[in-house]
Number of protein chains: 2
Amino acid sequence: MPSQKQIARELGVSVATVSNALTGKGRVSQDVVDLVTERAAQLGYTPSAAGRALKTGRSGILGLVMPDITHPVFPDFAQGLEIEADARGYGILIANGRGTEAGQDNAIRQLIKRGVDGIIMIPRRGTRPQVPPVPMATISIASDPRFAVAANHRQGGKLAAQAILQLGHRSILLLGDDSHSPVQIDRIEGMAEALEGQAEFQVQWTGDHFPDLADLHATGVTAVLTVSDLLALRVVTEASQSGLRCPDDLSVIGFDNLPLSTAVRPTLSTIVPDTAELAKRAIAYLDAAIRDDQDPPAPSVVDMTLRLRDSTGPAPQTATQHRRTSP
Amino acid sequence: MPSQKQIARELGVSVATVSNALTGKGRVSQDVVDLVTERAAQLGYTPSAAGRALKTGRSGILGLVMPDITHPVFPDFAQGLEIEADARGYGILIANGRGTEAGQDNAIRQLIKRGVDGIIMIPRRGTRPQVPPVPMATISIASDPRFAVAANHRQGGKLAAQAILQLGHRSILLLGDDSHSPVQIDRIEGMAEALEGQAEFQVQWTGDHFPDLADLHATGVTAVLTVSDLLALRVVTEASQSGLRCPDDLSVIGFDNLPLSTAVRPTLSTIVPDTAELAKRAIAYLDAAIRDDQDPPAPSVVDMTLRLRDSTGPAPQTATQHRRTSP
DNA sequence: TTGTGATGATTAAACGATTAATCAAGGATT
DNA sequence: AATCCTTGATTAATCGTTTAATCATCACAA
């Protein structure tokens, strides 16, 4: 591998001059600058990351800790983070929390060992990750006191509820699959808040058994708001098996805009998190902390948007009547 | 940050002794070893990655280049690779090919700049990625001459076909959505090979329009083998909308065992790639190349397995009769 | 007593880049 | 003509770790 030393030797100048010429820092004549850059290009010179890191104390690498890399929302995240990090000259080293708190702390240690300049952390719920000796940006929920950036899950829930109200639905099922997940709780609470006083609604958490959609429909429920597209997929297909048509008999809204949401028929209406914006702010926050910026960006919350597709429609007249007439 | 120098100073020994004590390489008395390790632990000493990398010429970091990080099969891959890399003491730096050949080459350059010891490459189809100055392990298809590890897509296709034959189906649709994808072509060819002479079948590539399943069913088709779970999801739900029941009227098999395959009803039968094994071999291959191993592992192909779920069932008698009696 | 070996530690150099300090030489100023 | 400033380059030190080479001690054998 070519080094500054080699360029210096071949050109008969000192390494300091080569370094200055390439970084444009010291005082070097234009002639020498040209000579050096030309020779560097010829040799295919690439500055040694290790050498630079050793001297400057910066590796230019950020660590990313996620509780579970196989979760379907994370690819989008990772992509956004990679793009933003790259734009600021950072690379991203991934680590896997392996679903446990111990694994999460171990991931942090590994990243520190590798000399990362900072850590982007998506904490496993209910854990208090150890504080690393480098800046950390936590992507979490707004109620988490340590968050640097958060998606506005409550607002997303509201959005879903408002959309379904606008379509005339007045009896609604709110469906989650993990009653301990703060994210799901926020989403459900947002829905409930918007629905309060506007419609009848009930909350269910699917554990062992899935709610009987036909029963619910018989009692007048015309819409199901779920906390994820996977759950929405389950509802849509389960409904179909029970002979309910979607959206004619049942409207469904999911969360996260997963790839499956456009593959399923009907396509899924969903609440989409602005992962690009989340990534942008997380990286900006972390970069500011690393550079010891005077006024770093404050923790912020990013709103979600509604994407209406084919799984939602106007409330059926029949169902509403049925509800009114049934005991 | 504590360094060997600091430990040495506090203990009144030389840095070389500290280094030797910590790595167990030179000649150091047991007493001193104990002293040094104890003090190192006290101070929370972590060896500087930059210093070590500079001296040894190894960063302990592998680069991962993927054509599109948002593709649903990649989380699984990334997870497997991270686990295997970690087991061998490597970290993984992600790079994004951004879907273009230029982006792919740029990703390689970025990784080189960051000093990776080797690169794991999942090439964008039809591209010839530039050769980096470090070892590279290519995860591709068996017909790709540069592959280090490949999933056996043909065999996977065969598996699907054999399963569907065993269930009595004799008129089958093979469905892809990208006729230029070598992976999809391999899968379809595998299916066709197993079906040849055993059953009637036709291949269709969904472009603008999706095949009319009701029509096909009317002509006797009782099973659809697809090249991906996303496509299978489309088939299952589209069929349901056409009034066909799955698996009673139509059996469906997908590929890749995506998370959605257990969320949809009926759950999807699918061909599952052994991503853990693929990752293991890719890392082993790369590690051997980096360590300049004498007899490195040869390029190898990893078989897939069949996972039968609820989207497949015996061929319907009615449909078969229908086909026999129809003109 | 002298030489030999083993043991345990130190010295010093090296990896590659950066940067403060220094120096030489030429041009401009008084 | 003596001084000062500017320009363009070099020297040397430093970051933290590793490692070959060296050295000092002491034990033991001849």
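Residues numbered from 1 in each chain as written. Chains lettered and ligands numbered in written order. Predicted model: local features only at pLDDT ≥ 70, side-chain atom pairs only at ≥ 80, totals over all residues. Heavy atoms only, no water.

S.K.: Would you explain the domain arrangement of chain A in this entry?
M.R.: Reports of interface size often rely on the accessible area that becomes lost once the parts have come together. Residues and elements named next belong to chain A. According to the domain assignment, chain A contains domain 1 (4-47), domain 2 (61-151 + 276-303) and domain 3 (153-273 + 307-325). A C-alpha centroid distance of 31 Å is found between domain 2 and domain 3. As a salt-bridge pair, Asp178 and Arg125 come within 2.5 Å of each other at their nearest N and O atoms. For the interface between domain 2 and domain 3, the tally reads two residue pairs in polar contact (both at pLDDT 80 or more). Residue composition of the side of domain 2 that touches domain 3, grouped by class: four nonpolar, one polar and two charged. (Domains from an automatic or database assignment. Salt bridge = Lys/Arg side-chain N within 4 Å of Asp/Glu carboxyl O. Polar contact = N/O pair within 3.5 Å; in protein donor to acceptor, adjacent residues only side chain to side chain. Nonpolar A, V, L, I, M, F, W, Y, C, P; charged D, E, K, R; others polar.)

S.K.: Looking at this structure, how should I read the protein's contact with DNA strand C?
M.R.: Surrounding DNA strand C, one finds 27 residues, the nearest of these being Gln4(A), Tyr45(A), Thr17(B), Ser29(B) and Val32(B). The protein-proximal atoms of DNA strand C, defined as those within 4 Å of the protein, are 59% sugar or phosphate. Within the side chain of Lys55(A), an N or O atom sits 3.5 Å from a base oxygen of DNA strand C. Arg27(B) is positioned such that a nitrogen or oxygen atom in its side chain is 2.9 Å from a base oxygen of DNA strand C. For the surface near DNA strand C, the secondary structure elements donating two or more residues are α1 (4-11), α2 (15-23) and α4 (49-56) of chain A together with α2 (15-23) and α4 (49-56) of chain B. Considering only residue class, the surface near DNA strand C consists of nine nonpolar, twelve polar and six charged. (Near = heavy atom within 4 Å. Helix = DSSP H or I, 4+ residues; strand = E, 2+ residues; numbered from the N terminus.)

S.K.: Where do I start with the interface of chain B and chain A in this structure?
M.R.: Taken residue by residue, the interface counts 52 residues in chain B and 51 residues in chain A. Across the chain B to chain A interface the summed buried area is about 4200 Å²; carbon plus sulfur atoms make up 59%. Of all residues in chain B, Ile94(B), Arg114(B) and Arg265(B) bury the most surface against chain A, accounting for 16% of the area lost on that side. Inspection of the chain B/chain A interface yields three salt bridges. Of the residues that constitute the side of chain B that touches chain A, the class distribution is 26 nonpolar, 15 polar and eleven charged. (Contact = heavy atoms within 4.5 Å. Buried area = accessible area lost by both parts, 1.4 Å probe.)

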